[in-house]
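Notes for the structure review
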Amino acid sequence: MDEEATRGETFDPDLIHAIFKLVWSRRGERGGGAGDEVVEVEPVAETSRRNRSATANASALKVSCELLRIFVTEAVQRSAFIAEAEGTTKIEPTHLERVLPQLLLDF
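In this text the structure is predicted, and so the values were computed from the model without any measurement.

Considering all chains together, one arrives at 4 salt bridges under this definition. In this structure, arginine 78 engages aspartate 106 in a salt bridge whose closest nitrogen and oxygen atoms are separated by 2.7 Å. Of this pair, arginine 78 sits in helix H3 (residues 58-85) while aspartate 106 sits in helix H4 (residues 93-106), and the two are 28 residues apart along the sequence. Among the residues examined, arginine 78 registers a relative accessible area of 21% and is labelled partly exposed. Exposure remark for aspartate 106: the relative accessible area of 43% places this residue in the partly exposed category. Across the salt bridge formed by glutamate 86 and arginine 98, the nearest N and O atoms sit 2.3 Å from each other. Of this pair, glutamate 86 sits in the loop between H3 and H4 while arginine 98 sits in helix H4; the two residues are 12 residues apart in sequence, bridging distant segments of the chain. The class of arginine 98 is exposed, set by a relative accessible area of 51%.

Pasting the structure below:
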């Protein structure tokens, strides 16, 4: 049986890569934050940090997609539990707002 079929749908790695590249480019335009600096042992003289393109290898994208899938699944399950406790069958944004703080701490 296909591995993806047994664990459910996952996010498209190309989509996740595009999102990562967008965030990286915006971070590069801002100059990064104080805690975002990466120390290089031997920087190459011809390239600066802003001129280098950021890349992610295939296994890192695969793991990122799986982590996002688990995160979203858990958020929906916890929100559904809150909605059910309130006697509704529809998940409202307020249900997600109530579970999000603990969910972020758990991840």
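Structure's up, so let's keep going.
Along the polypeptide, threonine 10 turns up in the loop between helix H1 (3-7) and helix H2 (13-30). Classification of threonine 10 by relative accessible area gives partly exposed; the value is 22%. Along the primary structure threonine 10 and glutamate 66 are separated by 56 residues, whereas in three dimensions their C-alpha atoms are 6.5 Å apart.

Looking now at H4. For H4, spanning 14 residues, the distance from its first C-alpha to its last is 20 Å, which sits close to the expected 20 Å at 1.5 Å a residue. At leucine 100, H4 shows its largest bend, some 40°, and a proline, proline 101, comes one to four positions later. Turning to H4, its buried residues are His95, Val99 and Leu103. Lining the buried residues of H4 we find H3.

One way to put it is that H3 packs onto H4 with a least axis distance of 9 Å and a crossing angle of 135°. The orientation of H3 with respect to H4, classified from their angle, is oblique. Handedness of the H3/H4 crossing: right-handed. Here Phe71, Glu74, Ala75, Arg78, Ser79, Ile82 and Ala83 of H3 lie close against H4, whose contacting residues are His95, Leu96, Arg98, Val99, Leu100, Gln102, Leu103, Leu104 and Asp106. Among the residues making up the contact of H3 with H4, the classes are represented as 9 nonpolar, 3 polar and 4 charged.

Criteria and thresholds
Residues numbered from 1 in each chain as written. Predicted model: local features only at pLDDT ≥ 70, side-chain atom pairs only at ≥ 80, totals over all residues. Heavy atoms only, no water. Salt bridge = Lys/Arg side-chain N within 4 Å of Asp/Glu carboxyl O. Helix = DSSP H or I, 4+ residues; strand = E, 2+ residues; numbered from the N terminus. Buried < 20%, exposed > 50% of the residue type's maximum accessible area, 1.4 Å probe, protein only. Expected span 1.5 Å × (residues − 1). Bend = angle between axes of the 7 residues up to and from the residue. Contact = heavy atoms within 4.5 Å. Axes fitted to C-alpha atoms, helices over the stretch in contact; angles between N-to-C directions. Parallel < 35°, antiparallel > 145°, perpendicular 65-115°, else oblique. Left-handed = near helix turned anticlockwise from the far one by under 90°. Nonpolar A, V, L, I, M, F, W, Y, C, P; charged D, E, K, R; others polar.

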